[in-house]
Amino acid sequence: MINYKQIIQDLSGIAYYHNQIKSFGYGDLTQVTMDIETKQEPVYTKMYVVPGAVTLAQNRILYNFSIILMDRINEDRSNQEDVMSDTLEICKDVFTILYQSYTSEWGGFSVDYTPLWDPNVTPFLERFETILGGWTMNLTIEQPFDYNQCVLPFLSGATLPSPTQVQYVNFKQLLGDLQNLADNHPQIKSYNFGDVDEFTDNPITKQSPLYTRMYVVPNDTVLSQNELLYNLQIIIADRINSDYPNQRDVMNDTLEIVKDIFTKFYLSQYQAEWSPIVEPFLERFEDILGGWTITLTLTQPFDYNRCIVPERPFTPGKKWYELSELWNEISKDWKNV
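Anyway, here's the lowdown on the structure attached to this text. (Residues numbered from 1 in each chain as written. Predicted model: local features only at pLDDT ≥ 70, side-chain atom pairs only at ≥ 80, totals over all residues. Heavy atoms only, no water.)

### Some details on the overall build of the protein
Scanning the protein from terminus to terminus reveals six helices and 11 strands. Against the compact-globule benchmark of 20 Å for 337 residues, the protein has a radius of gyration of 26 Å, which places it well outside the compact range. In terms of overall dimensions, the protein has C-alpha extents of about 85 × 45 × 40 Å along its principal axes. Within the protein, the fraction of its 337 residues that count as buried is 45%. (Helix = DSSP H or I, 4+ residues; strand = E, 2+ residues; numbered from the N terminus. Rg over C-alpha atoms; globule rule 2.2 N^0.38 Å. Buried < 20%, exposed > 50% of the residue type's maximum accessible area, 1.4 Å probe, protein only.)

Here's what the structure looks like:
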């Protein structure tokens, strides 16, 4: 099965074998004009790939990339038209190669995935260290995918509620199930739940956490008819070395973990909803981190049963001031809480 790193490698190969492309890069947009390995301005024409969102759709995965083709424009703009024409031609070439690569001599990419039609190709003319011009192709690659529990790397302790149990699970128990998955995934080294601002800092130990890290941020819960919809942000992150040699490995491995977690929930009684958006990030905190954030919706059957609500019997006909006085009586005990 082709993974994310292999797709990046394929794009690198397309750049290498194209006669006009002289350099290739992958990473955050801020790195586009600086080779993160040589620390020098790249040779142009350059092809640069910026990661975009990934969608975990039914029976397939959709990978989004921004593929930038750029070249240097002279100070007097004498070659501006040539640059814009030539880089657009290369965009067309890259799409054609991806779309028609049926044999190994042509790359063989069409066996594993295909680009979707109608990508937007947006022009730019900007001044970085030099004046650059070119086009950004916002490309979606579709890959067939089988969400198969048999190939998941979880240890035997990674269990989720049975059909008879899941309707009685509360939010704390759901968080316990998430931690259980993290504890039983061989690549995840730390887990926590809370506000996104505490993502890189353990609020108890005040120390940088171990990586690879799984962090859960709560989002809205919807009280729907006969069910609850829990919305959660799950962040999977790992440390990138300062000279970025492991950047592609980090982005590939953390995305694989996201797929593992989604598959585990999809095949459980929680009923994970299809097509969650998985957003990439490459950011500098205390450490340089890379990874993915999945916005996950879990559906739990729920019976809105008045008989089990923890309440005292209502006294009908109470006026607002009578209720206010009852609250005043309760507030006298607040100092003892």
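Having seen the structure, we can now continue with the description.
### A word on the packing of helix α1 (residues 4–17) against helix α5 (residues 247–266)
The interhelical angle for the contact between α1 and α5, taken along N-to-C directions, is 140 degrees, at an axis separation of 8 Å. In terms of orientation, α1 and α5 fall into the oblique class. Between α1 and α5, the residues in contact are Tyr-4, Lys-5, Ile-8 and Ser-12 and Arg-248, Asp-249, Met-251, Asn-252 and Leu-255, respectively. Residues of the contact of α1 with α5, tallied by class, amount to four nonpolar, two polar and three charged. (Axes fitted to C-alpha atoms, helices over the stretch in contact; angles between N-to-C directions. Parallel < 35°, antiparallel > 145°, perpendicular 65-115°, else oblique. Contact = heavy atoms within 4.5 Å. Nonpolar A, V, L, I, M, F, W, Y, C, P; charged D, E, K, R; others polar.)

### Considering helix α4 (residues 171–183)
The end-to-end C-alpha distance of α4 is 18 Å, a good match for the 18 Å that 13 residues give at a rise of 1.5 Å each. Leu-174, Leu-175, Asp-177, Leu-178, Asn-180, Leu-181 and Ala-182 are the residues of α4 that are buried. Where α4 is buried, its residues meet β7 (190–193), β8 (213–224), β9 (227–239), α5 and β11 (288–301). For α4, the capping residue at the N-terminal end is Asn-170, with a side-chain oxygen 3.2 Å from the backbone nitrogen of Lys-172. (Expected span 1.5 Å × (residues − 1). Polar contact = N/O pair within 3.5 Å; in protein donor to acceptor, adjacent residues only side chain to side chain.)

### Topic: the packing of aromatic side chains
The full count for this structure, using the stated rule, is 23 aromatic pairs. Plain terms: the ring middles of Phe-302 and Tyr-304 are 4.8 Å apart, the flat faces sit at 85 degrees to each other, and that makes the pair edge-to-face. The exposure class assigned to Tyr-304 is partly exposed, which follows from its relative accessible area of 42%. Each residue in the set Tyr-4, Tyr-26, Tyr-63, Phe-65 and Trp-292 is aromatic and connected to the rest through ring pairs, giving one cluster. (Phe/Tyr/Trp six-rings, centres within 6.5 Å; stacked < 30°, edge-to-face > 60°.)

### Section: the side chain of Arg-213
In this structure, Arg-213 sits in strand β8. No salt bridge is formed by the buried Arg-213; the nearest opposite charge belongs to Glu-198, separated by 7.8 Å. Of note is the side chain of Arg-213, whose polar atom sits 2.9 Å from the backbone oxygen of Phe-199. Contact partners of Arg-213, with chain neighbours within four places excluded, come to Ser-190, Tyr-191, Asn-192, Glu-198, Phe-199, Ile-235, Ile-236 and Ala-237. (Lys, Arg positive; Asp, Glu negative; His and termini not counted. Salt bridge = Lys/Arg side-chain N within 4 Å of Asp/Glu carboxyl O.)

### Thoughts on a nonpolar patch on the surface
Taken together, the side chains of Leu-323, Leu-326, Trp-327, Ile-330 and Trp-334 present a nonpolar region at the surface, about 550 Å² in accessible area. Looking at the element boundaries, Ile-330 is found in helix α6 (residues 320–331). Taking relative accessible area as the criterion, Ile-330 reaches 35% and is therefore assigned partly exposed. (Patch = residues over 30% accessible without salt bridge, like charges linked within 9 Å, V, L, I, M, F, W, Y side chains within 5 Å. Areas by Shrake-Rupley, 256 points an atom, 1.4 Å probe, with all protein chains shown as cover.)

### Considering the pairing of β9
Among the 13 residues that make up β9, 10 are buried, leaving the element largely enclosed by the rest of the structure. In terms of strand pairing, β8 meets β9 through 10 bridges, oriented antiparallel. In the strand pairing of β9, Arg-213 is matched with Ala-237. Between β8 and β9, which pair antiparallel and follow one another directly, the connecting turn spans two residues, one of which, Asn-226, has a positive phi of 65 degrees. Across 13 bridges, β9 lies against β11 in antiparallel orientation. Residue Ala-237 lies in a different strand from β11, and its bridge partner there is Gly-291. (Pairing = 2+ DSSP bridges.)

### Let's talk about the nonpolar core
Met-47, Met-214 and Phe-265 are the most contacted members of the largest nonpolar core, which totals 71 residues. In this structure Met-214 touches Leu-178, Ala-182, Ile-188, Ser-190, Tyr-191, Asn-192, Ile-234, Ile-235, Ile-236 and Ile-261, once residues within four positions along its chain are discounted. (Core = buried A, V, L, I, M, F, W, Y, C linked by side-chain atoms within 4.5 Å.)

Worth remembering: the numbers are spatial, not functional.
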